[in-house]
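Structural overview
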Number of protein chains: 2
Amino acid sequence: MAAADASRDRVFAAAATAFAAHGFAGTSVDRIAHAARLNKAMIYYHFRNKAELYREILRDMFGAVGARAGAVAASNRPPADKVREFIDTFATEAEARPHFPPIWFREVAEGGPHLDDATLGDMTGVLKSLASIIEEGVRAGAFCPISPLLVHAGIVGPVLLFFASAGIRRRVERSGVRGAATLTRGEVVAHVQRVTLGLLEGRT
Amino acid sequence: MAAADASRDRVFAAAATAFAAHGFAGTSVDRIAHAARLNKAMIYYHFRNKAELYREILRDMFGAVGARAGAVAASNRPPADKVREFIDTFATEAEARPHFPPIWFREVAEGGPHLDDATLGDMTGVLKSLASIIEEGVRAGAFCPISPLLVHAGIVGPVLLFFASAGIRRRVERSGVRGAATLTRGEVVAHVQRVTLGLLEGRT
DNA sequence: GTCTATAAATAGATAGAC
DNA sequence: GTCTATCTATTTATAGAC
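What you see is a predicted model, and the numbers here were worked out from it, not measured in a lab.

**Considerations on the protein's contact with DNA strand D**
In the neighbourhood of DNA strand D, 15 residues make up the surrounding shell, with Lys40(A), Lys50(A), Ser7(B), Asn39(B) and Met42(B) lying closest. Across the atoms of DNA strand D situated within 4 Å of the protein, the share located in sugar and phosphate is 51%. Here Lys40(A) contributes a side-chain N or O atom positioned 2.8 Å from a base nitrogen of DNA strand D. Asn39(B) places a polar side-chain atom, nitrogen or oxygen, 3.0 Å from a phosphate oxygen of DNA strand D. Listed by contribution, the elements that provide at least two residues to the surface near DNA strand D are helix H3 (40–46) of chain A together with helix H3 (40–46) of chain B.

**So, the interface of chain A and chain B**
On the chain B side, the residues contacting the 51 residues of chain A number 50 residues. Of the roughly 4400 Å² buried between chain A and chain B on both sides combined, carbon and sulfur atoms contribute 69%. Counting every contact that joins chain A to chain B gives four salt bridges. A salt bridge links Arg106(A) to Glu110(B); its shortest N-O distance comes to 3.1 Å. The tally of links from chain A across to chain B stands at six residue pairs in polar contact (both at pLDDT 80 or more). When contributions to the side of chain A that touches chain B are tallied by element, the ones reaching two or more residues are helix H1 (6–26), helix H6 (100–110), helix H7 (117–139), helix H8 (148–164), helix H9 (166–174) and helix H10 (185–200) of chain A. The biggest single contributor to the side of chain A that touches chain B is H8(A), with nine residues.

Rules behind the numbers
Residues numbered from 1 in each chain as written. Chains lettered and ligands numbered in written order. Predicted model: local features only at pLDDT ≥ 70, side-chain atom pairs only at ≥ 80, totals over all residues. Heavy atoms only, no water. Near = heavy atom within 4 Å. Polar contact = N/O pair within 3.5 Å; in protein donor to acceptor, adjacent residues only side chain to side chain. Helix = DSSP H or I, 4+ residues; strand = E, 2+ residues; numbered from the N terminus. Contact = heavy atoms within 4.5 Å. Buried area = accessible area lost by both parts, 1.4 Å probe. Salt bridge = Lys/Arg side-chain N within 4 Å of Asp/Glu carboxyl O.

Limitation: the analysis is restricted to geometry and does not speak to function.
Below is the structure:
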């Protein structure tokens, strides 16, 4: 945290950005070092190797999202508010860590070979938190019983796709689709909240 | 197509599987050759280089989906049926080409650096076809006007996530989430159809 | 903590025999 | 069409000076 760790933080940030843009295999240690304005040897001074650096980024990412989702589920509010908050929180975390949506997509595509059990537990915790919110709503008579996996996919899929696709959407806009690049975070969150609650409250 | 092309097809299939599992950078030409039961030099006999092989897989994938989405939009049926068919067709293509959801995710995560303009056009065509279906429904008084980008994300996000996450869902199931691995294609398609039509027909 | 230099392995791509 | 052998560049990782 002190000045002693400044270079370690630069490595961490540069690596997160590079891994998001080019993937684990597509990112060389040299590239990370250069982006962090450091020499390659410094990477190995701070981290055991490239894989360990990558895993630390995954832990930070899934740990934060898992914890915040758990806090929402444990809070003291009506189920419908918790669902709204779950979606908004998820979007907030995705926005605060721009590397998070691309890396989540890549890990899913790959089957998660870099995910250790604890980190997979954080990922699973997001799903379990959502499941507990739904269960609570069903017990309270506010929600219909719907598979948490489907609800989860209906939230996580669109939100991650929105944040991860900013680059492609700019190209799509240029090729003639009006509004592709100007879609905002607020519109997406409001839309997903509306669709999810409509579903859970049986208005569909 | 004849026996002369058998080895080319094996390269194509092996490459699609490997690129889906490990990404472009994470897949070596040697690995593809081995999976195709051929020598590395044969890859270069059939394809100019690794990037050109990858691009051909992208073209095949997005070309097929783009064409089928266009056919659904152009068909002669009520808008609500077209929406159902659009979703089912998208899932069918994703299932027929198991490499397609992971590769789509990776391309989105990367910003599509491997996508040439024609292929990006096919990807955009999927969105445009959906937009034309929605517009038709609005004109007919059957649909509310909703941003095609949001509807698109609500379909493509969950469906791709479902197919791409089979590996992770098996691990999640083992770590205690019942039903994570046994969710079926039919359940997902029916769910997305229901949510999407509920939204478009204003029952939400 | 930070660097240069380098080892050792692996990658993409080609030449040329059969 | 298919192979072996090889060239060249790049990559991860380490040794050791400052």
